[in-house]
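# Descriptive structure summary
Here are the chains, one letter per residue:
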Amino acid sequence: MKTTAAADKHGLAAGERPASADWTIDQGWARYTPAEHATWQTLFERQTRLLPGRACDEFVQGMQDLPIGAERIPDFRALSDVLLQRTGWQVVAVPGLVPDEVFFEHLANRRFPAGNFIRRPEQLDYLEEPDVFHDVFGHVPMLMNPAIADFIQAYGQGGLRAQRLGHLQHLARLYWYTIEFGLLQQRGELRLYGAGIASSYAETRFCLDEASPNRIGLTLERVMRTRYRIDDFQETYFVVRDLDALLEFTRIDFAPLYERVQQLPELQPGDVLADDVVFTRGSGRYHALKSAS
Ligand code: HBI
Ligand code: FE
């Protein structure tokens, strides 16, 4: 079947070119169908029941202060009005994954590219491309936090530099294990702040409630060495003291670190080292069962 660009659809058809060099498009808010708003509502309500006691205070506060509710997919302009005032960020619409340089350029300028489409009802629990639920529900509340706001901008700036230095995979691991799948300590407990977790019902429970995964103190060198899974729950989650620990990373020159990491063996997702600060040594059961079957 031939796919054509249709004005009533969200996202780009395969192989279709973006209309603008920075890949931004109109969110097309008025074109969301009742069924798409209903998918948002299902995801929103399920996640909102699960997050108290699991998401960090900063996430909960950010969500509360933003025009994000159960009934409708949020309008990016209304989100940007609030974000601009709080941390100088904006949300811009893109059709899905954009090339790395384009992504970094947006972040370096405090624009968060968010997918404008929403997953289909049969994909409620898993999809590969970041959709509006992952990007808005998962990422945008954290952009209300000044430390995260600066950290993600620095990631955009650092991404362009890491590309030039040939070390993008090392920097991308830091983003993955913090912004997407990070845990932090709060009042003697572990809480989530990563968007990949916050936007996933199953992973929210897995990362905090299950005996299977490792939970290990995060250091830059440790995460830069560690491969990650993109197709399943993480085998290891890395824990920071608080969000200001991320802000401290923005003051470090990563170039010498990249050189050091390059000389060290790469680590597998489930590895635990003798000098790790281990919060939980996971049973590894979940992934062991999967690879056995
Ligand atoms: N594009 N829309 C979008 N969202 C992302 O999270 C994203 C992207 N392009 C590249 C990318 N992430 C990552 O591969 C980089 O962080 C390395
Ligand atoms: Fe994401």
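Everything in this summary refers to the structure shown in the same document. (Residues numbered from 1 in each chain as written. Chains lettered and ligands numbered in written order. Predicted model: local features only at pLDDT ≥ 70, side-chain atom pairs only at ≥ 80, totals over all residues. Heavy atoms only, no water.)

## A short note on the overall build of the chain
- Across its full length, the chain carries 13 helices and seven strands.
- Relative to the globule expectation of 19 Å for 293 residues, the C-alpha radius of gyration of the chain, 19 Å, shows essentially globular dimensions.
- Based on the C-alpha atoms only, the size of the chain along its principal axes is roughly 55 × 45 × 40 Å.
- In the chain, which comprises 293 residues, the share counted as buried stands at 52%.
- Accessible surface, the chain as shown: approximately 14000 Å² in total, 50% of it carbon and sulfur. (Helix = DSSP H or I, 4+ residues; strand = E, 2+ residues; numbered from the N terminus. Rg over C-alpha atoms; globule rule 2.2 N^0.38 Å. Buried < 20%, exposed > 50% of the residue type's maximum accessible area, 1.4 Å probe, protein only. Areas by Shrake-Rupley, 256 points an atom, 1.4 Å probe, with all protein chains shown as cover.)

## A closer look at the sheet that holds strand S7 (residues 278-280)
- Pairing is mixed across the open sheet formed by five strands, whose spatial order is S4-S3-S6-S5-S7. Looking along the sheet, the strands with just one partner apiece sit at the ends: strand S4 (189-192) and S7. Here the average twist between neighbouring strands, direction ignored, is 35 degrees.
- Across two bridges, strand S3 (residues 183-186) lies against strand S6 (residues 236-240) in parallel orientation. Residue pairing for S6: leucine 184 is matched across the bridge by valine 240. (Pairing = 2+ DSSP bridges. Axes fitted to C-alpha atoms, helices over the stretch in contact; angles between N-to-C directions.)

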